[in-house]
Amino acid sequence: MNENLFTSFTSPTMMGLPIVTLIILFPSMLFPSPGRLINNRLTSIQQWLIQLTSKQMMLIHNHKGQTWTLMLMSLIMFIGSTNLLGLLPHSFTPTTQLSMNLGMAIPLWAGTVAMGLRTKTKASLAHFLPQGTPFPLIPMLVIIESISLLIQPMALAVRLTANITAGHLLIHLIGGATLALINISAITALITFIILTLLTVLEFAVALIQAYVFTLLVSLYLHDNT
Amino acid sequence: MLSRLFFSAAAAAAPCLKNAALLGPGVLQATRIFHTGQPSLAPVPPLPEHGGKVRLGLIPEEFFQFLYPKTGATGRYVLDIGLVLYFLSKEIYVITAETFSAISTIGLLIYVVKKYGASIGEFADKLNEQKIAQLEEVKQASIKQIQDAIDMEKSQQALVHKRHYLFDVQRNNIAMALELTYWEWLHRGYKEVKNRLDYHISVQNMMRRKEQEHMINWVEKHVVQSISA
């Protein structure tokens, strides 16, 4: 089954064919489109959730920023559903792959920066220098601010990858510890199992929070640049 | 249209087909069937009210009934438990670290569903009901508005029918006023004439009285004169 700890993070193949595309496309099947006025319960709840989230997240933007609503909403739905589905046993989470997270983070970040430089050049360049800095510090501060700007996409991608991967690894390790402790001392195994349960609750929360954080940060970058 | 072109081209190529070309498009159109078959999409058969019954949340009831005649009530359970134990004992399914994470995750999910499932379902139903209630309210308000307009129109029509009473009363009023004025004029004329005639009568009376007094005075004077002479 799993030879070492990291086999669950390899790109999944079935009989030699890569099915990772199918796995990435699968969560979209869980969101049926609301076709009628009165839908079934699943669609109604999803519709209500998306309305709540979009209102809460897009109110801070002006008209130009609100054109990004579709992008950000589909981002949070995708990351949230992929993370949650990855908690099921023997499943593969695409967001554990740095390649995919970089593929999500870099274009979005670059899009916000490019839009800011094109439409409001002076204002977006002004972000490099915080207000009220003493005069001699200015060159160093510009360098520091530009480094922090260039690190933003890396931080986005690596944050998501590391959080989800670390969570999955911890679940594996503690599950393995429970398995090993059962023969030695059942009570310690029970305590470890309780720790595993609490960790699973945490992982459910982390899955949703990471999606939220990713989307929130992209929207913040957008707010700076519109 | 293309069929017409085709047939005219064929008629140009072979003149014996020309008679056929005149009939061709009509035949082609006549063989096309419009709305004669049973439409497959409408009316849609009504969806069942509840989903199929399941036991243990996953296994449909039909599977249990399938084995019932041969094995009785416990047949399905024996098959399932036996299969699971077989997989475990032959290590077809290996107990790894993932087993425990599976137990904790799925246990958590079952717990949450059992505890909060009904309330979330009711919440979804409430959302839909709110939507319908909003639209229903708009519909009812519109109906009420139109009903009020109809009632007002009806009452105004009834008033229009009763309008002649008003006119009769007004007519009577005016007639009475006219008659009153006539009688007043009449009375005034009578009084004027009587005034004039009274004047003349009183003048005559006064003249007669004066003449009588004069005569009396003259008679007295002459009597006194005759007595005293």
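How each quantity is defined
- Residues numbered from 1 in each chain as written.
- Chains lettered and ligands numbered in written order.
- Predicted model: local features only at pLDDT ≥ 70, side-chain atom pairs only at ≥ 80, totals over all residues.
- Heavy atoms only, no water.
- UniProt positions renumbered as here; feature names shortened; annotations may be inferred.
- Helix = DSSP H or I, 4+ residues; strand = E, 2+ residues; numbered from the N terminus.
- Contact = heavy atoms within 4.5 Å.
- Buried area = accessible area lost by both parts, 1.4 Å probe.
- Salt bridge = Lys/Arg side-chain N within 4 Å of Asp/Glu carboxyl O.
- Buried < 20%, exposed > 50% of the residue type's maximum accessible area, 1.4 Å probe, protein only.
- Arc of directions from axis to C-beta.
- Core = buried A, V, L, I, M, F, W, Y, C linked by side-chain atoms within 4.5 Å.
- Axes fitted to C-alpha atoms, helices over the stretch in contact; angles between N-to-C directions.
- Parallel < 35°, antiparallel > 145°, perpendicular 65-115°, else oblique.
- Left-handed = near helix turned anticlockwise from the far one by under 90°.
- Nonpolar A, V, L, I, M, F, W, Y, C, P; charged D, E, K, R; others polar.
- Polar contact = N/O pair within 3.5 Å; in protein donor to acceptor, adjacent residues only side chain to side chain.

> I would appreciate a short explanation of the UniProt feature "transmembrane region" (unreviewed entry) in chain A in the present structure.
With numbering aligned to this structure, UniProt lists the feature "transmembrane region" (unreviewed entry) at residues 12-31, 67-88, 100-117, 137-158, 170-198 and 204-222 of chain A. Taken end to end, residues 204-222 of chain A is 100% helix and 0% strand, and its first and last C-alpha atoms sit 28 Å apart.

> For this particular structure, what's the right way to read the interface of chain A and chain B?
A common way to state how big an interface is: give the accessible area lost once the parts meet. Each side of the interface is counted separately: chain A has 26 residues, and chain B has 24 residues. Together, the buried faces of chain A and chain B total about 2300 Å²; carbon and sulfur atoms form 75% of this surface. For the interface between chain A and chain B, the tally reads one salt bridge. Note that Asp125 of chain B and Arg41 of chain A form a salt bridge whose closest N and O atoms lie 2.8 Å from each other.

> Please clarify how helix 3 (residues 61-71) of chain B should be interpreted in this entry.
The α-helix winds at 3.6 residues per turn, so residues separated by three or four positions along the chain end up facing the same way. Residues and elements named next belong to chain B. Turning to helix 3, its buried residues are Glu61, Phe64 and Leu67. Down the axis of helix 3, the buried set is contained in an arc of 135°. They therefore lie on one face. Structural note: helix 3 exposes Glu62, Phe66, Pro69 and Lys70 on the side pointing more than 90 degrees away from its buried face. Where helix 3 terminates, the next one or two residues include Gly72, which has phi positive at roughly 85°.

> Please explain the pattern of salt bridges as it appears in this structure.
In a structure, side chains of opposite charge can pair up when their charged atoms sit close to one another. Residues and elements named next belong to chain B. Applying the stated criterion across every chain yields a total of six salt bridges over all chains. For Arg171, the salt bridge identified is with Asp168, shortest N-O distance 2.9 Å. A residue pair is termed a helical-turn pair when its members lie 3 or 4 positions apart in one helix, as Arg171 and Asp168 do in helix 6 (residues 163-228) at three residues. Taking relative accessible area as the criterion, Asp168 reaches 33% and is therefore assigned partly exposed. Of the charged contacts, one joins Lys194 and Asp198 as a salt bridge, the two residues approaching to 3.8 Å between their closest N and O atoms. One end of the pair, Lys194, and the other, Asp198, are both in helix 6, four residues apart, so they sit about a helical turn from each other. The class for Asp198 is partly exposed, based on a relative accessible area of 36%.

> I would appreciate a short explanation of the nonpolar core in the present structure.
Taken as a class, soluble globular proteins show a tendency for nonpolar side chains to be buried jointly. All names here are of chain A. In this structure, Leu72, Leu75, Ile79, Met104, Leu156 and Phe214 are the most contacted members of the largest nonpolar core, which totals 25 residues. Of all elements in the fold, only helix 2 (41-58), helix 4 (69-85), helix 5 (98-119), helix 7 (138-182) and helix 8 (186-225) reach the threshold of two or more residues within this core. At seven residues, helix 5 tops the list of elements feeding residues into this core. Each residue touching Ile79, except ones within four places of it in the same chain, is listed here: Met104, Leu160, Ala211 and Phe214.

> Please clarify how unusual backbone geometry should be interpreted in this entry.
Most peptide bonds are trans, and most residues other than glycine sit at a negative phi. For His90 of chain A, which is not glycine, the phi dihedral falls at a positive 60°. Looking at the element boundaries, His90 of chain A is found in the loop between helix 4 and helix 5.

> Whenever I open this one, the packing of helix 5 of chain A against helix 8 of chain A confuses me. Can you help?
The description of two helices packed together rests on the angle between their axes and the distance between the axes. Residue and element names in this part refer to chain A. Taken N-terminus to C-terminus, the directions of helix 5 and helix 8 make an angle of 15°; their axes are 8 Å apart at the nearest point. For the element pair helix 5 / helix 8, the angle class is roughly parallel. Remark: the crossing between helix 5 and helix 8 carries right-handed chirality. For the pair formed by helix 5 and helix 8, the contact residues are Met104, Ala105, Leu108, Trp109, Thr112, Val113, Met115, Gly116 and Thr119 on the first element and Phe214, Val218, Tyr221, Leu222 and Asn225 on the second. Broken down by class, the residue content of the contact of helix 5 with helix 8 amounts to 10 nonpolar, four polar and no charged.

> Any chance you could explain the packing of helix 8 of chain A against helix 5 (residues 97-161) of chain B here in plain terms?
Packing of helix 8 of chain A against helix 5 of chain B brings their axes to within 9 Å, and their N-to-C directions diverge by 60°. Of the possible angle classes, the one that applies to helix 8 of chain A and helix 5 of chain B is oblique. As for the relative orientation of helix 8 of chain A and helix 5 of chain B, their crossing is right-handed in sense. Of the residues in helix 5 of chain B, those touching helix 8 of chain A at Phe193, Leu196, Thr197, Thr200, Val201 and Phe204 of chain A are Phe100, Ser101, Ile103, Ser104, Thr105, Leu108 and Leu109 of chain B. Of the residues contributing to the contact of helix 8 of chain A with helix 5 of chain B, the split by class is eight nonpolar, five polar and no charged.

> What is the right way to read the side chain of Gln46 of chain A from this model?
All names here are of chain A. Its place among the elements puts Gln46 in helix 2. Under the relative-accessibility criterion, Gln46 is labelled buried at 12%. Looking at Gln46, its side chain comes within polar contact range of the main-chain oxygen of Leu30, at 3.0 Å. Not counting the four nearest positions on each side in its chain, Gln46 is found in contact with Leu30, Phe31 and Pro32.

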